[in-house]
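Here are the chains, one letter per residue:
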Number of protein chains: 2
Amino acid sequence: MSYKQILYNKAPEPAIDPTLNSGTFRLNTVPRPTDVPADKLLVRVHYLSLDPAMRQWLTAKRSYIAPVELGAVMRGQSIAQVVEVGSSLTSQFKTGEWVVAYSGWQEYALMGAKEVEKVTLPAGGRPTDAMSVLGMTGLTAYFGMLEVGQPKAGETVVVSGAAGATGSIAGQIAKIKGAKRVVGLAGSKEKCEFLVKELGFDAAINYKDPQWKKQLKEATPEYIDVFFDNTGGEILDACLARAARDSRFVICGAISQYNAAKPQGPTSFMTVISQRVTVKGFIVFDYAKKYGAALQELASWLSQGKLKRKEHIVPGGIEGTPKALVDLYAGVNTGKMMVEVAPISEALGPKAKL
Amino acid sequence: MSYKQILYNKAPEPAIDPTLNSGTFRLNTVPRPTDVPADKLLVRVHYLSLDPAMRQWLTAKRSYIAPVELGAVMRGQSIAQVVEVGSSLTSQFKTGEWVVAYSGWQEYALMGAKEVEKVTLPAGGRPTDAMSVLGMTGLTAYFGMLEVGQPKAGETVVVSGAAGATGSIAGQIAKIKGAKRVVGLAGSKEKCEFLVKELGFDAAINYKDPQWKKQLKEATPEYIDVFFDNTGGEILDACLARAARDSRFVICGAISQYNAAKPQGPTSFMTVISQRVTVKGFIVFDYAKKYGAALQELASWLSQGKLKRKEHIVPGGIEGTPKALVDLYAGVNTGKMMVEVAPISEALGPKAKL
């Protein structure tokens with residue numbers, strides 16, 4: 001009985017090379033533990049989360065989290081099922097329970113009780129929601145938009161990476177909370193249609209259209225009060241040039257820059273002075289004390305159909321994860337990108353249909 | 001009886017050309033008004049303020065203030081003396097009184113009562129203080145540092161353009177208010193010595209030294225909690241790379257970028273996310289309601305010798321103003337740069353010795 005894991009093999013230079021074993025990651029096979037320690041759970045990973053921040057975890061720079069060490073299992077969150085419970089944890093956990101775990105990229109993992117979070121879902125919820133709209137992704141959108149961006153009634157909100165996991169939720173939250181106008185920036189005509197027709201954005205702009213800057217100007221006749229940025233680079237720059245007086249620029253991510261050898265900074269920086277812009281970076285972890293209330297609100301919006309989730313699930317098992325990560329940076333996904341390590345149909349017990 | 005004025009002649013491309021008449025500005029001579037209108041004052045300009053923001057006033061872009069129109073008298077603040085009072089203002093003003101006026105670059109100007117501010121000075125004050133440490137310059141440093149930067153005891157504060165008018169006051173205010181460590185960035189060895197020996201900065205770095213980035217790192221062992229930026233560009237970038245967790249980056253000016261054809265943005269932008277940096281632009285006008293209390297505090301520090309002022313006065317009359325402005329961008333000055341349009345010795349009345 002063995003299982004597969006994916007290890008961090010060598011530093012990207014600067015782009016991630018998805019070729020297994022010779023590239024950024026390598027495949028490893030290890031035996032499944034026969035004796036689960038008393039204070040551990042053995043979990044089986046079903047869905048791995050892919051997140052833009054992962055590229056940063058591979059860089060040995062001062063950051064909000066230590067980099068992944070070479071040779072270690074690649075860091076990542078997953079939806080997993082408890083398959084064996086250590087003897088001291090039997091009163092807390094049962095075989096068959098679903099958890100969110102920082103398991104890393106592997107098919108099985110031994111986790112401490114505090115390293116997992118039991119999945120609890122509202123009506124209409126799916127297990128994968130717990131690492132998407134009702135997990136770190138949803139919380140990132142929630143706190144970034146509401147605590148940092150603070151859109152007010154009558155204001156114009158622009159979201160970049162708007163068809164991505166976080167952006168799609170952030171834009172919807174702005175709309176739910178009464179923003180006058182929510183505009184999304186995304187990388188294809190299809191994504192733009194999705195934003196307007198399915199998620200209710202007021203407008204969406206394909207930044208690959210040669211006329212996108214003109215369209216951005218037309219779509220923001222009263223300038224931009226809140227910009228929720230997932231991309232950085234040229235898009236941040238163009239939006240800064242459209243910043244309204246006293247606007248808030250929420251820096252959530254900079255996916256366009258993560259793989260760049262020479263990052264590109266915003267040159268419209270003078271607007272920061274003339275329009276008194278606040279540009280603020282944030283990390284969702286800082287709001288941990290407020291997760292509970294936020295998740296309750298997100299769950300109620302989801303149940304009521306006010307908030308729509310979108311998943312992009314890559315089938316085919318754990319070997320496809322490096323390629324899926326590269327695809328994430330290329331913008332292949334609409335909505336939350338994840339890898340199906342093991343389908344729900346293979347899950348144990350009565351909750352298999354969740 | 002005529003007087004000289006300097007008009008905005010043609011747009012910089014992109015640097016200011018100081019050559020009078022063929023360059024950015026031209027000289028004009030107009031007759032002195034023989035009849036002062038009832039609701040006006042005739043003032044004689046003695047000292048013109050030179051400010052980095054002036055370059056921005058020559059650019060027809062969305063900004064915090066309308067651009068100067070071609071052919072108009074160049075905008076600027078001055079220390080002037082009332083030489084004639086219109087008949088309806090005689091109860092409010094007297095010949096010989098000193099005022100701060102947005103007179104523009106001219107030797108005489110007709111001003112409305114609300115377009116001037118009477119100069120009131122504390123013990124040891126000079127008329128020129130009213131447009132420097134006790135005027136817009138001091139207020140800019142005060143509100144930028146205390147309202148936007150908010151340094152706390154134990155924190156490290158870095159100021160760029162630290163030997164300039166605003167920077168030199170901003171750094172001193174941080175020190176007065178209990179910052180643990182105040183570091184200045186300036187453009188010469190002499191300026192650095194001035195900061196440390198005369199103003200009490202804890203360290204100063206000459207950004208023209210090839211080793212300046214290394215020196216910046218050494219001078220900020222606990223990173224940077226507050227950065228008060230007057231320069232932008234490469235210096236802002238290097239300081240962002242040294243940003244401490246939850247730091248505040250006060251964007252007051254960007255003198256290195258004002259004359260650039262292609263502005264340079266900060267590329268260390270990822271730190272904004274990982275360290276949760278707040279980057280905030282501001283304009284002193286937004287704090288107008290608090291000017292009174294701020295000026296009182298600044299005046300008391302000046303009188304007590306806690307706050308030191310430094311002036312760089314360019315003699316030779318109004319014709320030298322365009323060249324002095326170019327010198328300001330070249331960093332020729334230490335402290336507040338102004339042009340002596342008419343010496344105090346030529347002033348009227350008993351306050352001539354102020």
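The model shown is predicted, which means the values in this text are computed figures rather than measured ones.

A.B. asks: When you look at the packing of aromatic side chains in this model, what are you seeing that I'm missing?
C.D. replies: All names here are of chain A. Across all of its chains, the model carries 23 aromatic pairs over all chains by this definition. The interplanar angle of 55° and the centroid separation of 5.3 Å between the aromatic rings of F227 and F249 together place this pair among those described as tilted. Here F227, found in strand β11 (residues 224-229), pairs with F249, found in strand β12 (residues 243-251); they are 22 residues apart in sequence, far enough to count as distant. Summarising the burial analysis for this pair, F227 and F249 share the class buried. Aromatic rings pair up to connect Y142, F143, F228, F282, Y287, Y291 and W301 into one cluster. Here the guanidinium or amino end of R75 rests over the ring plane of W57, the centre of that ring lying 5.3 Å away. Above the plane of the ring of F93 lies K118, whose end atom (NZ or CZ) is 5.0 Å from the centre.

A.B. asks: Is there a simple way to explain the interface of chain B and chain A in this structure?
C.D. replies: Buried accessible area, meaning the area lost when the parts come together, often serves as the stated size of an interface. Listed per partner, the contact involves 37 residues of chain B and 37 residues of chain A. In total, about 2,900 Å² of surface goes out of reach between chain B and chain A, with carbon and sulfur atoms giving 58% of it. Along the contact surface separating chain B from chain A lie four salt bridges. One salt bridge in this structure joins R245 of chain B and D286 of chain A, with 3.0 Å as the shortest N-O distance. Elements represented by at least two residues in the side of chain B that touches chain A include exactly α6 (233-240), β12 (243-251), α7 (270-274) and β13 (278-281) of chain B. For the side of chain B that touches chain A, the element with the highest residue contribution is α7 of chain B, accounting for five residues. Each residue belonging to the side of chain B that touches chain A can be placed in one class, and the counts come to 21 nonpolar, ten polar and six charged. Relative to β13 of chain B, strand β13 (residues 278-281) of chain A is paired through three bridges, and the arrangement is antiparallel. Across the sheet, the residue bridging to V279 of chain A is V279 of chain B, located in β13 of chain B.

A.B. asks: What am I meant to see in the side chain of K336 of chain A here?
C.D. replies: Mapping K336 of chain A onto the fold places it in strand β15 (residues 336-340). Those residues in contact with K336 of chain A that lie beyond four places of it in its chain are S49, L50, D51, M131, S132, T137, A165, K310, E311 and H312 of chain A.

A.B. asks: I keep staring at the sheet that holds strand β9 (residues 181-186) of chain B and nothing clicks. Help me out?
C.D. replies: Two modes of strand pairing occur in sheets, parallel and antiparallel, and in both the strands are linked by backbone hydrogen bonds. Within the open sheet, the twelve strands sit side by side as β10(A)-β9(A)-β8(A)-β11(A)-β12(A)-β13(A)-β13(B)-β12(B)-β11(B)-β8(B)-β9(B)-β10(B). Their pairing is mixed. What marks the edges here is a single partner per strand, and that holds for β10 (203-206) of chain A together with β10 (203-206) of chain B. Across the sheet, the mean angle separating the axes of adjacent strands is 15° when strand polarity is ignored. Summarising the sheet, strand β8 (residues 156-159) of chain A and strand β9 (residues 181-186) of chain A pair through four bridges and their orientation is parallel. Opposite V157 of chain A, over in β9 of chain A, you have V182 of chain A as the bridge partner. In the packing of helix α4 (residues 189-198) of chain A onto the sheet, the strands contacted are β9 and β10 of chain A, and the crossing angle to β10 of chain A comes to about 170°.

A.B. asks: Explain the relation of the copies chain B and chain A to me, please; I cannot follow it from the model alone.
C.D. replies: The relation between the two copies of this chain is a rotation about an axis and a shift parallel to it. It takes a turn of 180° to lay chain B on chain A, together with a shift of 0.0 Å along the axis; the resulting RMSD is 0.0 Å. This pairing of chains is accounted for by a two-fold axis. When you check the interface residues of chain B against chain A, 100% turn up at the interface there too, and the contact is symmetric in its surfaces.

A.B. asks: Help me out: how do you make sense of α4 of chain A in this one?
C.D. replies: Residues three or four positions apart in an α-helix share a direction because the helix packs 3.6 residues into each turn. Residues and elements named next belong to chain A. By the burial criterion, the buried members of α4 are K191, C192, F194 and L195. Viewed along the axis of α4, the buried residues span an arc of 155°, placing them on a single side of the element. Exposed residues on α4 whose side chains face more than 90 degrees from its buried face are K189, E190 and K197. Where α4 is buried, its residues touch β9 and β10. A positive backbone phi angle near 80° is found at G200, which sits one or two residues after α4.

A.B. asks: Honestly, the environment of A162 of chain B in this entry has me stumped. Any pointers?
C.D. replies: Residues and elements named next belong to chain B. In this fold, A162 is placed in the loop between β8 (156-160) and α3 (165-176). Separated by 43 residues in sequence, A162 and I205 have C-alpha atoms that sit 9.6 Å apart. Setting aside its immediate chain neighbours within four residues, A162 contacts G167, S168, G184, L185, L195 and F201.

A.B. asks: How do you make sense of the domain arrangement of chain A when you look at a structure like this?
C.D. replies: All names here are of chain A. If you check the domain split of chain A, you get domain 1 (2-131 + 310-353) and domain 2 (136-286 + 296-300). A straight line from the C-alpha centre of domain 1 to that of domain 2 covers 29 Å. In this complex, domain 1 contributes 21 residues to the contact, which on the side of domain 2 involves 15 residues. Both faces combined, the contact of domain 1 with domain 2 buries some 1,500 Å², and carbon together with sulfur accounts for 62% of it.

A.B. asks: How should the UniProt feature "domain: Enoyl reductase (ER)" (unreviewed entry) in chain A be read in this particular structure?
C.D. replies: Using the residue numbers shown here, the UniProt feature "domain: Enoyl reductase (ER)" (unreviewed entry) corresponds to residues 23-339 of chain A. Regarding residues 23-339 of chain A, the helix share stands at 26% and the strand share at 25%, and the terminal C-alpha atoms are separated by 19 Å.

A.B. asks: Would you mind going over the pattern of salt bridges with me for this structure?
C.D. replies: As a working rule, side chains carrying opposite charge can pair if their charged atoms are close by. Under the criterion given, the structure shown has 36 salt bridges over all chains. Notably, a salt bridge pairs R248 of chain B with E155 of chain B, separated by 2.6 Å at the nearest N-O pair. With R248 of chain B in strand β12 and E155 of chain B in the loop between α2 (136-149) and β8, this pair connects stretches of sequence that are 93 residues apart. Both residues of the pair, R248 of chain B and E155 of chain B, count as buried. D327 of chain B is paired through a salt bridge with K323 of chain B; the nearest N and O atoms lie 3.0 Å apart. Of the two residues, D327 of chain B and K323 of chain B are both situated in helix α9 (residues 321-330); the distance of four residues between them amounts to about one turn of the helix. The class of K323 of chain B is partly exposed, set by a relative accessible area of 45%. The network of salt bridges with shared partners includes R245, D246 and R276 of chain A together with D286 of chain B.

A.B. asks: What exactly am I supposed to notice about the side chain of D237 of chain A here?
C.D. replies: All names here are of chain A. Residue placement: D237 occurs in helix α6 (residues 233-240). Despite its burial, D237 pairs with no opposite charge, the nearest such side chain being K213 at 6.3 Å. Within the structure, D237 has its side chain in polar contact with the side chain of T267 (distance 2.7 Å). For D237, the residues in contact, after removing those within four places along its chain, are P266, T267 and S268.

A.B. asks: Even after reading the chapter, I still don't get unusual backbone geometry, so can you show me in this structure?
C.D. replies: As a rule of thumb, non-glycine residues mostly have phi less than zero, and peptide bonds are mostly trans rather than cis. All names here are of chain A. With an omega dihedral of -10°, the bond running from E13 to P14 counts as a cis peptide bond. Here P14 shows up in the loop between β1 (2-8) and β2 (25-31). The phi angle at D246 is positive, at roughly 60°, despite the residue not being glycine. Within the secondary structure layout, D246 lies in strand β12. Residue classification places D246 among the partly exposed residues on the basis of a relative accessible area of 40%.

Definitions and cut-offs
The residue count restarts for each chain, going from 1 along the sequence in the order it is written. Think of it this way: whatever chain is written first is A, whatever ligand is written first is 1, and the rest follow in order. Local features in this predicted model are restricted to residues whose pLDDT is 70 or higher, and side-chain atom pairs enter the listing and the counts only when it is 80 or higher, whereas totals over whole chains, interfaces and linings include all residues. Side-chain figures throughout are based on the complete set of non-hydrogen atoms in the structure, without hydrogens or water. Any pair of Phe, Tyr and Trp rings, taking the six-membered ring for Trp, is counted once the centres come within 6.5 Å. Such a pair is stacked with planes under 30 degrees apart, edge-to-face with planes over 60 apart, and tilted for the rest. Segments assigned H or I by DSSP are reported as helices when at least four residues long, segments assigned E as strands when at least two residues long, and all are numbered from the N terminus. Whether a residue is buried, partly exposed or exposed follows from its accessible area with a 1.4 Å probe, protein chains only, as a fraction of its type maximum: under 20%, in between, or over 50%, in that order. For a Lys NZ or an Arg CZ to count as sitting over a ring, it must be within 6 Å of the ring centre and within 35 degrees of the ring normal. Here, two residues are considered to be in contact whenever any of their heavy atoms come within 4.5 Å of each other. When two parts are put together, the accessible area they lose, computed with a 1.4 Å probe and summed over both, is reported as buried area. Any carboxyl oxygen of Asp or Glu that lies within 4 Å of a side-chain nitrogen of Lys or Arg is treated as forming a salt bridge with it. Asp, Glu, Lys and Arg are counted as charged, while Ala, Val, Leu, Ile, Met, Phe, Trp, Tyr, Cys and Pro are counted as nonpolar; the rest, among them Gly, fall into the polar class. Two strands make a pair as long as DSSP finds a minimum of two bridges between them. Here the axes come from fitting lines to C-alpha atoms, over the contacting stretch only for helices, and the angles between their N-to-C directions go from 0 to 180 degrees. Residues reaching a pLDDT of at least 70 in both copies supply the C-alpha atoms on which the copies are superposed by least squares. Note: the arc covers the axis-to-C-beta directions of the helix. Each domain's extent is set by a domain assignment, obtained either automatically or from a database. UniProt positions are given in the numbering used here, feature names are shortened, and annotations may be inferred rather than shown by experiment. We treat Lys and Arg as the positive residues and Asp and Glu as the negative residues; His and chain ends play no part in the count. As used in this structure description, the phrase polar contact means that two N or O atoms lie within 3.5 Å; if the pair is within protein, one of them must be able to donate a hydrogen and the other to accept it, and residues adjacent in sequence are counted only when both atoms belong to side chains.

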